[in-house]
Amino acid sequence: MKFSIGTPLLAAVSFASLILPATAERILQSTSLNICQENSGFTASLFNVVYNPSEGIAKVNISAISTIEAKVNFDIDISAYGYSFLHKIIDPCEVGLAGFCPMVSGKLGDPFVLPVSSDATGNIPSIAYDFPDLDAKVKVFINATDGDRAGQSVACVEALISNGQTVNLIGVKWASAVVAGLALASSAFLSGLGHTNAASHVAANALSLMSYFQAQAMVGLVGIPLPPVVQSWTQDFQWSMGIISVGWMQRIFTWYQRSTGGTPSTLITEADSLATVSVQVQKRAISLFERGASMLPRNVVEHGAKILKRGNVQTSYGSYIVYGIQRVAFRAGIESTNLFLTGIVFFYIIMAVTALCVVAFKGGCELAARQKWMKGDTFLEFRNGWRTVLKGILFRMALVGHPPVTILCLWEFTQGDSPALMVTAVFFLIALNAILGWAAYKVIRVARRSVTLHRNPAYILFSDPQTLNKWGFLYIQFRASAYYFIVPVLGYTIVKAFFIAFAQNSGIAQAIGFILIEAAALIAAAVLRPWMDKKTNSFNIAICAVNFINAIFLLIFTSVFDQPALVTGVVGVVLWILNAACTLILLLMLIITTGLVIFNGNPDGRYKFMADDRTSFMKSQSQLATTTELDALAITARGEKPGYSSVIDLEDDSSSHNRGSLYRSQGSAIESTNNSHHAPSHYAPPRSPVDPINRTASPYGGSVSSTGRSQNNASPAGFKPPTSPR
């Protein structure tokens, strides 16, 4: 029966071990010795064991305190992924273990070497040395064999075993970051060349993939005990949250915190050498305070259980316990008190670098045009309206940085690292959310105005280049009739951030909250299908489905169902394989589609025209020939540059209407010139001040060039354009 229970796990780990390389040296090691019972008579603040099977020895470095004075034996149980495969009772007197036969009270702090027999080495399966992020542990009950407590357990210690193999790879981090960054840059490049349809598709998929990376990073930020492979996999995507360790920056952050009245953590400094303390990374569904805090004073435990505020949790015997966001910081090599500044600073470094790249590209284009290295009309729209384009790009980067900034700012409220950092958190939280909220309000207002004037939200949203370049980051990935969907997206991020930041000490609450949030997101995506086309909808629905499955797995990790430990181990491996496969597929899809678009002679030809008529409205000004002298005179009178029209400032209704009257007066002259080409009409429908293309306004049912619609993008029926009286 035991074989049948372990078969699924064995199959999973065997498959995974085949796709990952193995290092030349095989080792098993442990860096912490945890307490697994109350009133344990043996505690260790430092524990470091490295076993090398080729040498047949285990090197032990331990700093421990014993209160046991008796002869003992060791009841040893070794398990992997919750499956116990070896149980043995050892008498330390028989193996000649100095200091344990008999045990005496006092300190034990001398490193020693423990020989391991070939028989013991043969009991260790070879897969234990190769499978990444091995979830194995050795639990030892120290039982007294004489004295008053003979036959009772006087201590219990637990060592978590790893083999040095991990899926937390620098290559995965760089590959995912480079692909996402190049895809976003490619969309901007295509947009500058005038291929707006292709650019919008590439940008939509790149943003969706970036949101998926951040969703995986959020899984690692929860205060739920996670299997080692899940911790390592989610660590691969913490770069998307701005959690990146740079030595000199960490020193600056530590200095700043100390100079503003804070007390920096020194956990990384102490643990790096493994010569001072051990750090227990929470992995099992054992309450934080059941493991070590039971030895703390009662008032400290009660206070910590309520708010879990400030810094790392330290047990009375000297070791530390990290969990949730602190666990991510420790694995990244960042002090928990520096984590907030790390994320904020990296976010704004990316903003600054992006702005400098845009300015440099503008200067390069101007230089190339003057030196005639490229045609004078290449990137003409960007060159003449680069400030508006820059604003739009920075807004898009703000949207990408919204999840990490919100989470870290809210979490800082629970930490109080220093007064200056608290003020910084308040400022950035309010500023970023206010900017994005205001932008969403502007988009909704413009879209409603377009519906009022033209019965089609796409008309003004996509016909004016200023509106599209500045605010398009909020709605271009959605179909025109779903322009409002950015509001649920922002709300989704904020609610999720609240659960992550404020429920670090309640894993069950976080898991249930994630399930409800991801279920709502999946239902909304599957029912409304708000994205621009069928492929983009499928792309995002798949991401929502995987996020929902991850939320269910998080609930399992809390052990709320009291499942066997083997189930938790198997689910952890399945989560890793599922997300790794999904990430690989999405990355390949984005790489292939972006490559085909860039190297295609007609990038827009790869995609069907949207049924909301955006393609006809998005036609760039540089592609519209000025056919009359009056057009050229009108451009000169407005003080505009050819190729980019400032047209209308849709942020101000009064300005819009004033300029609209100017357009109507100019339009009368243009219409008189074009009377020979258009039949006279006695009906004049309401006109938008935005009409850069002299096109008959399309009703909400579509433009004259639209011949068909999909079910998802169908416009409301019942509207017919009026006919001219005969």
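Scroll up to find the structure.
I will try to describe carefully the structure that is included in this document. (Residues numbered from 1 in each chain as written. Predicted model: local features only at pLDDT ≥ 70, side-chain atom pairs only at ≥ 80, totals over all residues. Heavy atoms only, no water.)

1. Details of the packing of aromatic side chains
Then, number 1: Applying the stated criterion across every chain yields a total of 20 aromatic pairs.
Then, number 2: An angle of 75° between the planes, with centres 5.8 Å apart, marks the rings of Y81 and F131 as edge-to-face. In this pair, Y81 is assigned in the loop between β5 (72-80) and β6 (83-90) and F131 in the loop between α3 (118-122) and β9 (136-144), connecting sequence segments 50 residues apart. Of the two residues examined, Y81 and F131, each falls in the buried class.
Then, number 3: Between F361 and F379, the ring centres sit 5.1 Å apart and the planes meet at 80°, which makes this aromatic pair edge-to-face. With F361 in helix α12 (residues 339-370) and F379 in the loop between α12 and α13 (380-384), this pair connects stretches of sequence that are 18 residues apart.
Then, number 4: In this structure an aromatic cluster arises from ring pairing among F189, F361, F379 and F382. (Phe/Tyr/Trp six-rings, centres within 6.5 Å; stacked < 30°, edge-to-face > 60°. Helix = DSSP H or I, 4+ residues; strand = E, 2+ residues; numbered from the N terminus. Buried < 20%, exposed > 50% of the residue type's maximum accessible area, 1.4 Å probe, protein only.)

2. Brief notes about helix α19 (residues 507-528)
Then, number 1: Between the first and last C-alpha of α19 there are 31 Å, a value that for 22 residues agrees with the 32 Å anticipated at 1.5 Å per step.
Then, number 2: Looking at α19, one finds that the buried residues are G507, Q510, A511, G513, F514, I515, I517, E518, A519, A521 and A525.
Then, number 3: Contacts from the buried residues of α19 go to α18 (486-502) and α20 (534-557).
Then, number 4: Positive backbone phi, at 45°, marks R529, one or two positions downstream of α19. (Expected span 1.5 Å × (residues − 1). Contact = heavy atoms within 4.5 Å.)

3. A look at the pattern of salt bridges
Then, number 1: With the rule as written, the count across this model stands at 5 salt bridges.
Then, number 2: The salt bridge partner of E158 is K137, with a shortest N-O separation of 3.2 Å. With a gap of 21 residues between them, E158 in strand β10 (residues 153-161) and K137 in strand β9 connect regions that are remote in the sequence. Of the two residues examined, E158 and K137, each falls in the buried class.
Then, number 3: Note that E518 is salt-bridged to K496, the shortest N-O span being 2.5 Å. In this pair, E518 is assigned in helix α19 and K496 in helix α18, connecting sequence segments 22 residues apart. The residues E518 and K496 share a single accessibility class, namely buried.
Then, number 4: A network of salt bridges, in which partner residues are shared, links K362, E366 and R383. (Salt bridge = Lys/Arg side-chain N within 4 Å of Asp/Glu carboxyl O.)

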